[in-house]
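# Notes for the structure review
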Amino acid sequence: MDAVLVINADLGPLHRVTVQHAVRMLCRRVAEIHEAEPDRVIGVFPMPRVVRLVRFVVTRWRFNSGPAWSRAGVLRRDDRCCAYCGGPASTIDHILPRSRGGRNTWRNTTAACYACNQRKGDRTPAEAGMPLRREPVNPGWGALAGR
């Protein structure tokens, strides 16, 4: 079964839940159906595609510094495109190498192909003569979730 999108009372997207969870929300009357599948029902409810919360929920997590760093997130942020040659990327590279104190942060890592990652080795891009095609940035929640 597909997931059901949960939107806040102001129509801002929050997250996805299972159909069973969405039906429980409808039974508890914390949500109402915003969009439903035509001609499909679950008990007395139409099959929900999108449910809207009855009351507004404050989502502080959406306004903090952004998503936590992850290898998969770096590859997604960079569209799996190597920052050095533009080819398909399968690894991540630390701009300031970890052996020199580089950390796992959004601004210190970028997607790289295996060949460029090996060629750069334990050097900075300037030392290796391999300029970055784009500067790494801290992604927002929407940048990683919307792809």
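Residues numbered from 1 in each chain as written. Predicted model: local features only at pLDDT ≥ 70, side-chain atom pairs only at ≥ 80, totals over all residues. Heavy atoms only, no water.

Looking at an unreviewed UniProt entry, the chain carries the name 5-methylcytosine-specific restriction endonuclease McrA, with the source organism given as Micromonospora violae.

### Observations concerning unusual backbone geometry
We apply this condition: Working definition: helices are DSSP H or I runs of at least four residues, strands are E runs of at least two. Numbering for both runs from the N terminus. Under the scheme applied here, a residue whose accessible area is under 20% of the maximum for its type counts as buried, over 50% as exposed, and between as partly exposed, the area being computed with a 1.4 Å probe on protein chains only.
One non-glycine residue, L11, lies in the positive phi region at around 75°. As for its position among the elements, L11 is in the loop between β1 (4-7) and β2 (13-17). Given the relative accessible area of 49%, L11 is considered partly exposed. A positive phi is found at D79, a non-glycine position, where the angle reads about 55°. Along the chain, D79 falls in the loop between α2 (71-77) and β5 (91-94). Judged by relative accessible area, which is 54%, D79 ranks as exposed.

### Focus: the domain arrangement of the chain
Test applied: Residue ranges labeled as domains rest on an automatic or database domain assignment.
For the chain, the assigned domains read domain 1 (1-59) and domain 2 (69-138). Computed from C-alpha atoms alone, the centre-to-centre distance between domain 1 and domain 2 is 40 Å.

### With respect to the state of the cysteines
Here a disulfide denotes a covalent bond joining the sulfur atom of one cysteine to the sulfur atom of another. Rules: Cysteine sulfur atoms that pair up within 2.5 Å are treated as a disulfide.
Counted according to the given criterion, the structure contains zero disulfides. As a non-bridged cysteine, C113 has C116 as the owner of its nearest cysteine sulfur, 3.4 Å distant. C113 gets classed as buried once you look at its relative accessible area, which sits at 12%.

### Looking at the side chain of N8
Counted only if it meets this: The criterion used for residue contact is that any of the two residues' heavy atoms lie within 4.5 Å.
Position of N8 relative to the elements: it lies in the loop between β1 and β2. In this structure N8 comes out as buried when scored by relative accessible area, which is 3%. Ignoring sequence-local partners within four residues, the contact set of N8 consists of L14, R52, L53, R55, F56, V57 and T59.

### As for the environment of I33
As for its position among the elements, I33 is in strand β3 (residues 31-42). Each C-alpha atom of the pair I33 and A126 lies 55 Å from the other, and the pair is 93 residues apart in sequence. In this structure, I33 is in contact with L26, F45, P46, P48, V50 and V51, ignoring residues within four places of it in sequence.

### Here's the deal with the UniProt feature "domain: HNH nuclease" (unreviewed entry) in the chain
Just so we agree on the cut-off: UniProt positions are given in the numbering used here, feature names are shortened, and annotations may be inferred rather than shown by experiment.
In the numbering used here, UniProt assigns the feature "domain: HNH nuclease" (unreviewed entry) to residues 69-118. Its end C-alpha atoms 22 Å apart, residues 69-118 is made of 24% helix and 16% strand.

### Quick word on the pairing of β2
Under the convention used in this document: At least two DSSP bridges between two strands are needed for those strands to be called paired.
Note that β1 and β2 share four bridges and pair antiparallel. Among the inter-strand pairings, I7 is bridged to a residue of β2, identified as P13. Counted between consecutive antiparallel strands, the loop separating β1 from β2 contains five residues, among which L11 sits at a positive phi close to 75°.

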